[in-house]
Amino acid sequence: MSTLIVALDLPSPDAALALVGRLGDDVDFYKIGSPLFTLAGPPIVHALRKRGKRVFLDLKYHDIPNTVAAAVRAATDLGVELLTVHAGGGIAMMQEAVAAAGDDGPRLVGVTVLTSFTASDVEQVWAKPVTSVHDEVVRLARLAAAAGLHGVVSSPLEVEYLKRHHGREFLVVTPGIRPAGHALGDQNRVATPSEAARAGADYLVVGRPVTAAPDPAAVVAGNRAELQTGLATA
Ligand code: C5P
(Lines give C-alpha, C1' and ligand atoms only; values in the text may rest on other atoms or scores of the structure.)
Protein backbone atom coordinates (compact mmCIF):
# COMPACT_ATOMS: atom_id res chain seq x y z
CA MET A 1 0.00 0.00 0.00
CA SER A 2 1.11 3.58 -0.59
CA THR A 3 2.67 5.45 2.32
CA LEU A 4 1.44 8.94 3.14
CA ILE A 5 4.05 11.69 3.56
CA VAL A 6 2.97 15.11 4.81
CA ALA A 7 4.96 18.02 3.34
CA LEU A 8 5.88 20.35 6.21
CA ASP A 9 5.68 23.51 4.09
CA LEU A 10 5.11 25.80 7.05
CA PRO A 11 6.53 29.23 7.84
CA SER A 12 8.52 28.33 10.94
CA PRO A 13 9.95 25.32 12.79
CA ASP A 14 7.51 25.98 15.63
CA ALA A 15 4.55 25.82 13.25
CA ALA A 16 5.96 22.64 11.70
CA LEU A 17 6.46 20.92 15.06
CA ALA A 18 3.03 22.06 16.25
CA LEU A 19 1.48 20.30 13.25
CA VAL A 20 3.59 17.19 13.90
CA GLY A 21 2.37 17.23 17.50
CA ARG A 22 -1.22 17.70 16.41
CA LEU A 23 -1.08 14.79 13.99
CA GLY A 24 0.62 12.56 16.57
CA ASP A 25 0.71 8.89 15.64
CA ASP A 26 -1.51 9.46 12.59
CA VAL A 27 1.53 10.46 10.49
CA ASP A 28 5.02 9.04 10.82
CA PHE A 29 6.66 10.32 7.62
CA TYR A 30 7.30 14.01 6.86
CA LYS A 31 8.84 15.90 3.98
CA ILE A 32 11.12 18.83 4.70
CA GLY A 33 11.62 21.01 1.65
CA SER A 34 13.87 23.95 0.88
CA PRO A 35 11.75 26.64 2.63
CA LEU A 36 11.72 24.95 6.04
CA PHE A 37 15.27 23.61 5.75
CA THR A 38 16.57 27.07 4.79
CA LEU A 39 14.82 28.53 7.81
CA ALA A 40 15.50 25.86 10.36
CA GLY A 41 18.42 23.73 9.09
CA PRO A 42 19.53 20.36 10.47
CA PRO A 43 17.90 20.92 13.93
CA ILE A 44 14.44 20.49 12.39
CA VAL A 45 15.52 17.11 11.00
CA HIS A 46 16.92 16.14 14.41
CA ALA A 47 13.69 17.28 16.09
CA LEU A 48 11.62 15.01 13.85
CA ARG A 49 13.98 12.07 14.27
CA LYS A 50 13.82 12.55 18.07
CA ARG A 51 10.04 12.22 17.82
CA GLY A 52 10.55 8.92 15.97
CA LYS A 53 9.47 10.35 12.60
CA ARG A 54 10.81 9.33 9.20
CA VAL A 55 12.18 12.17 7.08
CA PHE A 56 12.10 12.85 3.34
CA LEU A 57 14.56 15.69 2.69
CA ASP A 58 13.40 17.29 -0.55
CA LEU A 59 16.18 19.70 -1.46
CA LYS A 60 16.25 18.71 -5.16
CA TYR A 61 20.01 18.85 -5.60
CA HIS A 62 21.18 19.97 -9.04
CA ASP A 63 24.87 20.92 -9.22
CA ILE A 64 28.22 19.54 -10.31
CA PRO A 65 28.73 15.90 -9.27
CA ASN A 66 31.33 16.60 -6.57
CA THR A 67 29.11 19.18 -4.85
CA VAL A 68 26.02 16.98 -4.96
CA ALA A 69 27.99 14.02 -3.58
CA ALA A 70 29.11 16.15 -0.62
CA ALA A 71 25.53 17.28 0.02
CA VAL A 72 24.30 13.68 -0.12
CA ARG A 73 26.93 12.65 2.45
CA ALA A 74 25.77 15.45 4.75
CA ALA A 75 22.13 14.39 4.34
CA THR A 76 23.10 10.78 5.04
CA ASP A 77 24.63 11.88 8.36
CA LEU A 78 21.31 13.55 9.23
CA GLY A 79 19.56 10.17 9.09
CA VAL A 80 17.03 11.03 6.40
CA GLU A 81 15.33 8.19 4.56
CA LEU A 82 14.48 9.75 1.19
CA LEU A 83 16.36 12.44 -0.70
CA THR A 84 15.80 14.16 -4.06
CA VAL A 85 18.19 15.09 -6.86
CA HIS A 86 17.15 16.54 -10.23
CA ALA A 87 17.34 13.92 -12.98
CA GLY A 88 18.17 16.85 -15.28
CA GLY A 89 21.49 17.11 -13.40
CA GLY A 90 22.72 14.26 -15.60
CA ILE A 91 24.03 10.72 -15.28
CA ALA A 92 27.41 11.57 -13.70
CA MET A 93 25.81 13.72 -11.02
CA MET A 94 23.25 11.02 -10.18
CA GLN A 95 25.87 8.24 -10.16
CA GLU A 96 28.04 10.17 -7.71
CA ALA A 97 25.00 10.84 -5.55
CA VAL A 98 24.20 7.11 -5.44
CA ALA A 99 27.80 6.27 -4.54
CA ALA A 100 27.80 8.91 -1.79
CA ALA A 101 24.59 7.52 -0.25
CA GLY A 102 26.08 4.00 -0.22
CA ASP A 103 24.04 0.97 0.77
CA ASP A 104 22.95 2.29 4.16
CA GLY A 105 22.18 5.89 3.20
CA PRO A 106 18.92 7.46 2.03
CA ARG A 107 17.00 6.20 -0.99
CA LEU A 108 17.65 8.66 -3.78
CA VAL A 109 14.80 9.70 -6.03
CA GLY A 110 15.13 11.80 -9.17
CA VAL A 111 12.91 14.78 -9.85
CA THR A 112 11.64 14.41 -13.41
CA VAL A 113 9.25 17.20 -14.42
CA LEU A 114 7.80 19.31 -11.62
CA THR A 115 4.11 18.68 -11.09
CA SER A 116 3.47 22.41 -11.53
CA PHE A 117 4.78 22.21 -15.13
CA THR A 118 2.66 22.07 -18.26
CA ALA A 119 3.97 21.13 -21.72
CA SER A 120 4.45 24.80 -22.62
CA ASP A 121 6.51 25.38 -19.44
CA VAL A 122 8.77 22.50 -20.46
CA GLU A 123 9.06 23.92 -24.00
CA GLN A 124 10.03 27.32 -22.65
CA VAL A 125 12.72 25.94 -20.33
CA TRP A 126 14.27 23.39 -22.67
CA ALA A 127 13.65 25.35 -25.89
CA LYS A 128 12.31 22.41 -27.87
CA PRO A 129 8.85 21.41 -29.01
CA VAL A 130 7.18 19.27 -26.36
CA THR A 131 3.86 17.69 -27.15
CA SER A 132 3.71 15.52 -24.08
CA VAL A 133 5.00 16.06 -20.54
CA HIS A 134 4.62 12.30 -20.12
CA ASP A 135 7.38 11.68 -22.71
CA GLU A 136 9.71 14.04 -20.85
CA VAL A 137 9.02 12.29 -17.56
CA VAL A 138 9.70 8.92 -19.20
CA ARG A 139 12.95 10.18 -20.74
CA LEU A 140 14.24 11.58 -17.42
CA ALA A 141 13.11 8.51 -15.47
CA ARG A 142 15.11 6.35 -17.89
CA LEU A 143 18.20 8.49 -17.15
CA ALA A 144 17.58 8.19 -13.42
CA ALA A 145 17.24 4.41 -13.62
CA ALA A 146 20.37 4.13 -15.77
CA ALA A 147 22.31 6.11 -13.15
CA GLY A 148 21.20 3.68 -10.43
CA LEU A 149 18.77 5.94 -8.59
CA HIS A 150 16.23 4.13 -6.42
CA GLY A 151 13.29 5.82 -8.09
CA VAL A 152 11.76 9.08 -9.22
CA VAL A 153 9.34 11.80 -8.27
CA SER A 154 6.54 12.13 -10.79
CA SER A 155 2.97 13.30 -10.99
CA PRO A 156 0.34 10.67 -10.18
CA LEU A 157 -0.49 10.55 -13.88
CA GLU A 158 2.78 8.83 -14.83
CA VAL A 159 2.98 6.26 -12.03
CA GLU A 160 1.42 3.33 -13.82
CA TYR A 161 3.71 3.67 -16.83
CA LEU A 162 6.85 4.05 -14.68
CA LYS A 163 6.04 0.96 -12.63
CA ARG A 164 5.35 -1.04 -15.78
CA HIS A 165 8.64 -0.04 -17.41
CA HIS A 166 11.06 0.06 -14.48
CA GLY A 167 9.57 -2.62 -12.26
CA ARG A 168 7.83 -2.68 -8.88
CA GLU A 169 11.06 -2.06 -6.98
CA PHE A 170 11.63 1.29 -8.70
CA LEU A 171 10.21 3.77 -6.19
CA VAL A 172 7.68 6.33 -7.36
CA VAL A 173 6.99 9.34 -5.13
CA THR A 174 4.00 11.44 -6.14
CA PRO A 175 3.24 14.98 -5.08
CA GLY A 176 0.32 16.72 -6.79
CA ILE A 177 -2.15 14.86 -4.60
CA ARG A 178 -5.48 16.61 -4.25
CA PRO A 179 -8.33 14.96 -2.36
CA ALA A 180 -11.60 15.67 -4.20
CA GLY A 181 -12.77 19.21 -3.57
CA HIS A 182 -9.34 20.67 -2.62
CA ALA A 183 -7.79 23.67 -4.42
CA LEU A 184 -5.11 22.91 -7.04
CA GLY A 185 -2.90 25.86 -6.03
CA ASP A 186 0.04 25.93 -8.45
CA GLN A 187 -0.15 22.20 -9.23
CA ASN A 188 -1.22 21.19 -12.72
CA ARG A 189 -0.92 17.43 -12.99
CA VAL A 190 -2.86 16.09 -10.03
CA ALA A 191 -4.87 13.09 -8.84
CA THR A 192 -6.78 12.07 -5.75
CA PRO A 193 -5.10 9.84 -3.15
CA SER A 194 -7.08 6.80 -4.28
CA GLU A 195 -6.16 7.34 -7.95
CA ALA A 196 -2.47 7.64 -7.10
CA ALA A 197 -2.63 4.60 -4.82
CA ARG A 198 -4.43 2.51 -7.44
CA ALA A 199 -1.77 3.48 -9.99
CA GLY A 200 0.84 1.98 -7.64
CA ALA A 201 2.61 5.00 -6.12
CA ASP A 202 4.91 4.05 -3.22
CA TYR A 203 4.72 7.43 -1.49
CA LEU A 204 2.03 10.09 -1.67
CA VAL A 205 3.21 13.59 -0.73
CA VAL A 206 0.41 15.82 0.51
CA GLY A 207 1.11 19.42 1.48
CA ARG A 208 -1.45 22.21 1.43
CA PRO A 209 -4.55 20.00 1.58
CA VAL A 210 -3.29 19.04 5.08
CA THR A 211 -1.25 22.07 6.21
CA ALA A 212 -3.94 24.59 5.20
CA ALA A 213 -6.88 22.59 6.56
CA PRO A 214 -8.79 23.79 9.62
CA ASP A 215 -8.68 20.17 10.82
CA PRO A 216 -5.49 18.56 9.40
CA ALA A 217 -6.08 15.27 11.25
CA ALA A 218 -9.45 14.89 9.53
CA VAL A 219 -7.85 15.34 6.08
CA VAL A 220 -5.18 12.77 6.97
CA ALA A 221 -7.86 10.34 8.15
CA GLY A 222 -9.76 10.88 4.89
CA ASN A 223 -6.62 10.24 2.85
CA ARG A 224 -5.87 7.07 4.77
CA ALA A 225 -9.39 5.81 4.26
CA GLU A 226 -8.99 6.43 0.53
CA LEU A 227 -5.66 4.59 0.47
CA GLN A 228 -7.12 1.62 2.31
CA THR A 229 -10.33 1.28 0.40
CA GLY A 230 -9.15 2.68 -2.94
CA LEU A 231 -12.38 4.64 -3.00
CA ALA A 232 -12.78 8.41 -2.95
CA THR A 233 -14.33 9.55 0.30
CA ALA A 234 -15.43 12.95 -0.93
O1 C5P B 1 1.04 21.67 -1.14
P2 C5P B 1 1.27 20.56 -2.11
O3 C5P B 1 0.45 19.32 -1.80
O4 C5P B 1 1.15 21.00 -3.56
O5 C5P B 1 2.79 20.15 -1.83
C6 C5P B 1 3.52 19.30 -2.68
C7 C5P B 1 4.92 19.24 -2.16
O8 C5P B 1 5.68 18.39 -3.01
C9 C5P B 1 5.64 20.58 -2.15
O10 C5P B 1 6.47 20.58 -0.99
C11 C5P B 1 6.49 20.58 -3.39
O12 C5P B 1 7.71 21.27 -3.21
C13 C5P B 1 6.78 19.10 -3.57
N14 C5P B 1 7.06 18.65 -4.93
C15 C5P B 1 6.22 18.88 -6.01
N16 C5P B 1 6.56 18.45 -7.26
C17 C5P B 1 7.70 17.77 -7.46
C18 C5P B 1 8.55 17.51 -6.38
C19 C5P B 1 8.19 17.95 -5.10
O20 C5P B 1 5.16 19.47 -5.83
N21 C5P B 1 7.98 17.31 -8.66
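Residues numbered from 1 in each chain as written. Predicted model: local features only at pLDDT ≥ 70, side-chain atom pairs only at ≥ 80, totals over all residues. Heavy atoms only, no water.

Asks: Sorry if this is basic, but what is going on with the sheet that holds strand S6 (residues 151-153) here?
Replies: Strand pairing in a sheet takes place through backbone hydrogen bonds and is either antiparallel or parallel in direction. What the eight strands build is a closed barrel, ordered S1-S2-S3-S4-S5-S6-S7-S8; its pairing is parallel. Averaged over all adjacent pairs, the angle separating strand axes in this sheet is 25 degrees, with direction ignored. As defined by bridge partners, strand S7 (residues 171-174) adjoins strand S8 (residues 203-206) across two bridges and the pair is classed as parallel. Counterpart to Val173 in the pairing with S8 is Tyr203. (Pairing = 2+ DSSP bridges. Helix = DSSP H or I, 4+ residues; strand = E, 2+ residues; numbered from the N terminus. Axes fitted to C-alpha atoms, helices over the stretch in contact; angles between N-to-C directions.)

Asks: I tried to follow the site of the ligand on my own but got confused; where do I start?
Replies: Around the ligand there are 16 residues in total, and Asp9, Lys31, Arg178, Gly207 and Arg208 lie nearest to it. Between a nitrogen atom of the ligand and a side-chain N or O atom of Thr115, the distance comes to 2.9 Å. At a separation of 2.9 Å, an oxygen atom of the ligand approaches a polar side-chain atom of Gln187. Taking 460 Å² as the accessible area of the ligand by itself, protein coverage stands at 88%. Elements supplying a minimum of two residues to the shell around the ligand: strand S3 (54-61), S8 and helix H10 (208-211). Residue classes in the shell around the ligand are distributed as seven nonpolar, three polar and six charged. (Near = heavy atom within 4 Å. Polar contact = N/O pair within 3.5 Å; in protein donor to acceptor, adjacent residues only side chain to side chain. Areas by Shrake-Rupley, 256 points an atom, 1.4 Å probe, with all protein chains shown as cover. Nonpolar A, V, L, I, M, F, W, Y, C, P; charged D, E, K, R; others polar.)

Asks: Is there a simple way to think about the pattern of salt bridges in this case?
Replies: Where charged atoms from two side chains of opposite charge approach closely, those side chains can pair. Per the counting criterion, the structure on display carries eight salt bridges. In this structure, Arg54 and Glu81 form a salt bridge, with 2.5 Å as the shortest nitrogen-oxygen distance. Linking Arg54 in strand S3 with Glu81 in the loop between helix H4 (65-78) and strand S4 (82-86), this pair joins segments that are 27 residues apart in sequence. Classification of Glu81 by relative accessible area gives partly exposed; the value is 28%. For the salt bridge of Arg208 with Asp186, the shortest nitrogen-to-oxygen distance reads 2.7 Å. One end of the pair, Arg208, is in helix H10; the other, Asp186, is in the loop between S7 and helix H9 (193-199), and 22 residues separate them in sequence. Looking at Arg208, the relative accessible area reads 40%, which means it is partly exposed. The exposure class of Asp186 is partly exposed, given its relative accessible area of 47%. Salt bridges sharing partners connect three or more residues here, namely Lys31, Asp58 and Lys60. (Salt bridge = Lys/Arg side-chain N within 4 Å of Asp/Glu carboxyl O. Buried < 20%, exposed > 50% of the residue type's maximum accessible area, 1.4 Å probe, protein only.)

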